[in-house]
Amino acid sequence: MSHQGRTNQLLYQAMLLLEQPAGDDEHADARRRALEEGGLSMLEMALESVIREIAHTCRWPSMHWRSVLNEPPARVAEIELLRELMGQPESWLARLLVLLDRLHDEGGAAQLRRHDNMIVSSQSEPLSRELARCLDDFRTLLPRLRETSYEW
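Here is what the cut-offs are and how they apply
Residues numbered from 1 in each chain as written. Predicted model: local features only at pLDDT ≥ 70, side-chain atom pairs only at ≥ 80, totals over all residues. Heavy atoms only, no water. Helix = DSSP H or I, 4+ residues; strand = E, 2+ residues; numbered from the N terminus. Expected span 1.5 Å × (residues − 1). Bend = angle between axes of the 7 residues up to and from the residue. Buried < 20%, exposed > 50% of the residue type's maximum accessible area, 1.4 Å probe, protein only. Axes fitted to C-alpha atoms, helices over the stretch in contact; angles between N-to-C directions. Parallel < 35°, antiparallel > 145°, perpendicular 65-115°, else oblique. Left-handed = near helix turned anticlockwise from the far one by under 90°. Nonpolar A, V, L, I, M, F, W, Y, C, P; charged D, E, K, R; others polar.

**Observations concerning unusual backbone geometry**
Within the chain, Arg 59 stands out as a residue other than glycine whose phi angle is a positive 60°. Relative to the assigned elements, Arg 59 resides in the loop between α2 (28–58) and α3 (65–70).

What follows is the structure, encoded as structure tokens:
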């Protein structure tokens, strides 16, 4: 499978996970959290994969994807675009990176849902909806991230 094919596959799998219903039985909340964190993991793998696509085109040595974003071996428009998005707190990439940090923390990214007998101090958007927006924005940006590889 090509680098591009793998990225596309991972984005599709993330979409499938995020669209799955959690159900309404006693395991629904655990299932929802598993689907959300699974989707988030797939988005992380897709981000890593698209960075590998760019690195492969540039013939860079193998590096962890976060290292490439933090200190790229050379300035490349596609990576610079991602770095710019990282610096915008409201961007899909900045939000995704925060969620990925939470995912790798002991608390995880998906939160327990409140029970009806608990008082809620703030209503936050469901993680699955936020991830779906990140996925849509990622997929929208993907052709721009692949422009250089098409030129080669």
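Next, the rest of the story.
**Remarks on helix α6 (residues 127–145)**
End to end, α6 covers 25 Å across 19 residues, agreeing with the expected 27 Å (1.5 Å per residue, within 8%). Helix geometry: α6 is bent most strongly at Arg 139, by close to 25°, with proline Pro 143 lying one to four residues after it. When we look at burial in α6, the residues that qualify are Leu 127, Glu 130, Leu 131, Cys 134, Leu 135, Phe 138, Leu 141, Leu 142 and Leu 145.

**Details of the packing of helix α1 (residues 3–19) against α2**
Two elements in contact, α1 and α2, have axes whose closest approach is 8 Å; the angle formed by their N-to-C orientations is 165°. Here α1 lies roughly antiparallel to α2, going by the angle between them. Classified by chirality, the crossing of α2 by α1 is left-handed. Each residue belonging to the contact of α1 with α2 can be placed in one class, and the counts come to 11 nonpolar, eight polar and four charged.

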